Amino acid sequence: MTYFDYGATTPIDSEVLDAYIKATQHFFANTTSLHFLGKEANQMMIQATSDIFKTLDLKNHNLIYTSNATEANNLAIIGYVKQFSKGKIITTKVEHASVYQTMQSLEDRYTVCYLDVDDTGHIRLEDLKRELTTDTLLVSIMWVNNIVGSIMDIRGVIEVMKAYPKAKLHVDIVQGLCKIVPDFDFNEIDFLTFSTHKIYGPKGIGGLFIKQGVTIQKILYGSEAQNGLRPGTMDLSLIVATAKAIKKFYSKTQENEAYVKTLFHEAISSLSKNPKIVINTPREHVSPYVINLSIPSIKGETLVHHLEKEMIYVSTGSACSSKLQKPERTVLAMTNSMELATSSIRITLSHLTTHPEIKHLVEVLNQL
Ligand code: PLP
């Protein structure tokens with residue numbers, strides 16, 4: 001079988017799994033318990049968190065562990081704007097559903113502006129400049145788009161926002177972390193969301209980095225765990241596994257990105273020779289981990305199932321929306337074509353992907 005759905009989730013790495021198993025076997029106590037075992041577990045959690053900060057060179061953030069990036073995005077956006085009775089929020093038309101739908105839920109109270117993307121799937125800084133106002137509370141822009149792979153100019157966003165110091169910046173780094181070498185400093189961002197299962201770690205954990213001094217309100221109520229901002233018993237083993245995954249894969253970002261680029265270029269150059277295939281993924285400022293294409297006469301779902309018969313596993317879009325059978329929102333926003341947006345598939349790569357796998361995929365797609 002050939003797995004091309006690493007953007008949806010990744011298999012757990014064996015060293016990460018080992019770290020998870022060891023922690024779960026030997027340190028099962030509740031990190032908030034007052035006794036020795038609890039303190040020991042809490043100490044391990046502090047150590048794992050400190051390892052994450054050190055690896056990512058984060059100097060002025062706190063970290064709230066959540067169940068996944070969906071929860072972290074909800075916490076950042078709702079938890080921050082909740083403190084204000086009105087104001088403006090700026091986001092994009094191509095955010096992951098966990099940002100996009102959260103924004104939609106806030107429309108009755110706040111002015112929410114959804115920035116357009118150009119035909120390569122990138123936002124324009126001029127649009128952001130035009131929309132920013134002194135009453136802007138929050139700007140939420142993803143780093144790497146999960147559907148077509150466009151890399152947003154976060155460095156430019158940081159620069160533009162310097163004229164509006166009251167507005168906070170939230171960046172969903174789920175599809176960039178451990179895949180793309182950042183050209184901006186994580187330390188300059190108020191909120192950063194990540195997800196462990198996208199970087200060869202277990203499912204069930206993600207996190208939100210919050211810049212020190214930036215306050216948010218809780219959206220879940222319960223214990224005082226994690227300063228009360230994310231109450232509930234913490235799973236130390238998931239935290240230890242997260243630290244292990246970040247330590248192992250962050251240092252390999254450049255090496256893996258360079259290798260995946262060779263796979264990406266091989267696939268794009270072969271597929272673009274076929275006049276029936278439209279490649280939606282941009283050619284520049286793009287993550288080599290994502291290839292999005294349409295075969296206009298074939299529905300995306302049909303294509304996914306056809307490839308499945310050859311034991312090739314791809315998706316139509318984000319795993320979270322793939323069952324909805326709607327036009328793909330990002331592809332529609334960048335192409336304005338219903339046909340391309342309903343016939344698109346997403347092929348996502350990994351450092352585990354091989355050249356023969358790419359060759360096989362291209363052959364099967366060409367046969368179609
Ligand atoms: N943000 C982006 C950009 C994603 O690609 C995804 C998952 O596909 C998420 C957020 C949600 O991640 P999780 O599955 O951890 O909730």
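Being a predicted model, the structure only gives us computed values, none of them experimental.

A. Here's a closer look at unusual backbone geometry. Unusually for a residue other than glycine, Gln 226 sits at a positive phi of about 50°. The phi angle at Asn 336 is positive, at roughly 60°, despite the residue not being glycine. Along the chain, the position of Asn 336 falls in the loop between α10 (329-335) and α11 (338-342).

B. Spatial organisation of the domain arrangement of the protein. The domain architecture assigned to the protein consists of domain 1 (2-9 + 252-367) and domain 2 (14-250). On a C-alpha basis, the centres of domain 1 and domain 2 stand 26 Å from each other. Across the boundary between the two partners, domain 1 contributes 34 residues, which contact 32 residues of domain 2. Buried area between domain 1 and domain 2, summed over both chains or domains, comes out near 2600 Å², and the portion from carbon and sulfur atoms is 57%. For the domain 1 face of the interface with domain 2, the top three residues by lost area are Thr 253, Arg 329 and Met 334, together amounting to 24%.

C. Structural view of the pattern of salt bridges. The final tally for this structure, using the stated rule, is 16 salt bridges. Between Asp 5 and Arg 346 there is a salt bridge, with the nearest N and O atoms lying 3.7 Å from each other. Of this pair, Asp 5 sits in the loop between β1 (2-3) and α1 (14-26) while Arg 346 sits in strand β12 (residues 344-348); the two residues are 341 residues apart in sequence, bridging distant segments of the chain. Residue classification places Asp 5 among the buried residues on the basis of a relative accessible area of 13%. Across the pair Lys 248 and Glu 15 runs a salt bridge whose closest N-O atoms are separated by 3.2 Å. Of the two residues, Lys 248 sits in helix α7 (residues 236-250) while Glu 15 sits in helix α1, which places them 233 residues apart along the sequence. Assessed through its relative accessible area of 38%, Glu 15 is described here as partly exposed.

D. Representation of the sheet that holds strand β9 (residues 278-279) in the model. Sheet architecture is open: 3 strands sit in the order β9-β10-β12, paired in antiparallel fashion. Only two strands of the sheet have a single neighbouring strand rather than two, namely β9 and β12. Pairing analysis gives 5 bridges linking strand β10 (residues 290-294) to β12, with the strands arranged antiparallel. Following the sheet pairing, Asn 292 is matched in β12 by Arg 346.

E. A look at the site of the ligand. Surrounding the ligand, one finds 14 residues, the nearest of these being Thr 70, Asp 172, Gln 175, Ser 195 and Lys 198. One of the side-chain N or O atoms of Asp 172 is found 2.6 Å from a nitrogen atom in the ligand. Lys 198 has a polar side-chain atom sitting 2.6 Å from an oxygen atom of the ligand. When isolated, the ligand has an accessible area of 400 Å², and the protein chains bury 94% of it. In terms of residue class, the shell around the ligand is built from 3 nonpolar, 9 polar and 2 charged.

F. Here's a closer look at the packing of helix α2 (residues 36-56) against α7. Put simply, α2 and α7 touch, their axes get as near as 9 Å, and they point 25° apart. Relative to α7, the element α2 lies roughly parallel. Handedness of the α2/α7 crossing: left-handed. Contacts from Ala 41, Met 44, Met 45, Ala 48, Asp 51, Ile 52, Thr 55 and Leu 56 in α2 reach Leu 236, Ile 239, Val 240, Thr 242, Ala 243, Ile 246, Lys 247 and Tyr 250 in α7. Grouping the constituent residues of the contact of α2 with α7 by class yields 12 nonpolar, 2 polar and 2 charged.

G. Broad picture of the packing of aromatic side chains. Taken as a whole and assessed by the stated rule, the structure comprises 10 aromatic pairs. Centre to centre, the rings of Tyr 100 and Tyr 114 are 5.3 Å apart; their planes meet at 55°, and the pair counts as tilted. On the criterion of sequence distance, the pair formed by Tyr 100 in helix α4 (residues 97-105) and Tyr 114 in strand β4 (residues 111-115) is long-range, its members being 14 residues apart. With a centroid separation of 4.9 Å and an interplanar angle of 40°, the aromatic rings of Tyr 200 and Phe 249 are classed as tilted. Of this pair, Tyr 200 sits in the loop between β7 (191-195) and β8 (206-211) while Phe 249 sits in helix α7, placing them 49 residues apart in sequence.

H. Main features of the environment of Ala 23. When you line up the elements, Ala 23 lands in helix α1. Apart from the residues lying within four places of it in its own chain, the contact partners of Ala 23 are Phe 28, Ser 237 and Val 240.

I. Main features of the pairing of β8. Of all 6 residues making up β8, 5 are buried, and the element is well covered by its neighbours. The pairing of strand β2 (residues 61-66) with β8 spans 6 bridges and is antiparallel. Bridge pairing in β8 links Asn 62 to Ile 210. As paired elements, β7 and β8 share 5 bridges and run antiparallel to each other. Of the residues in β8, the one forming a bridge with Phe 194 is Gly 207.

J. Fine view of a nonpolar patch on the surface. Nonpolar side chains collect at one region of the surface, where Ile 12, Leu 17 and Ile 21 lie side by side and expose about 200 Å² of accessible area between them. With respect to the secondary-structure elements, Leu 17 resides in helix α1.

K. Representation of the sheet that holds β2. With respect to topology, 7 strands assemble into an open sheet ordered β2-β8-β7-β6-β5-β3-β4, the strand pairing being mixed. Each end of this open sheet is capped by a strand with a single partner; those strands are β2 and β4. Between one strand axis and the next, the sheet turns by 20° as a mean value, whatever way the strands run. Contacts between α2 and the sheet are confined to β2 and β8, with β2 contributing the most and set at about 120° to the helix. Packing against the sheet, helix α6 (residues 154-161) makes contact with β5 (136-140) and β6 (168-172), and its axis sits at approximately 170° to β6.

Procedures and definitions
- Residues numbered from 1 in each chain as written.
- Predicted model: local features only at pLDDT ≥ 70, side-chain atom pairs only at ≥ 80, totals over all residues.
- Heavy atoms only, no water.
- Helix = DSSP H or I, 4+ residues; strand = E, 2+ residues; numbered from the N terminus.
- Domains from an automatic or database assignment.
- Contact = heavy atoms within 4.5 Å.
- Buried area = accessible area lost by both parts, 1.4 Å probe.
- Salt bridge = Lys/Arg side-chain N within 4 Å of Asp/Glu carboxyl O.
- Buried < 20%, exposed > 50% of the residue type's maximum accessible area, 1.4 Å probe, protein only.
- Pairing = 2+ DSSP bridges.
- Near = heavy atom within 4 Å.
- Polar contact = N/O pair within 3.5 Å; in protein donor to acceptor, adjacent residues only side chain to side chain.
- Areas by Shrake-Rupley, 256 points an atom, 1.4 Å probe, with all protein chains shown as cover.
- Nonpolar A, V, L, I, M, F, W, Y, C, P; charged D, E, K, R; others polar.
- Axes fitted to C-alpha atoms, helices over the stretch in contact; angles between N-to-C directions.
- Parallel < 35°, antiparallel > 145°, perpendicular 65-115°, else oblique.
- Left-handed = near helix turned anticlockwise from the far one by under 90°.
- Phe/Tyr/Trp six-rings, centres within 6.5 Å; stacked < 30°, edge-to-face > 60°.
- Patch = residues over 30% accessible without salt bridge, like charges linked within 9 Å, V, L, I, M, F, W, Y side chains within 5 Å.

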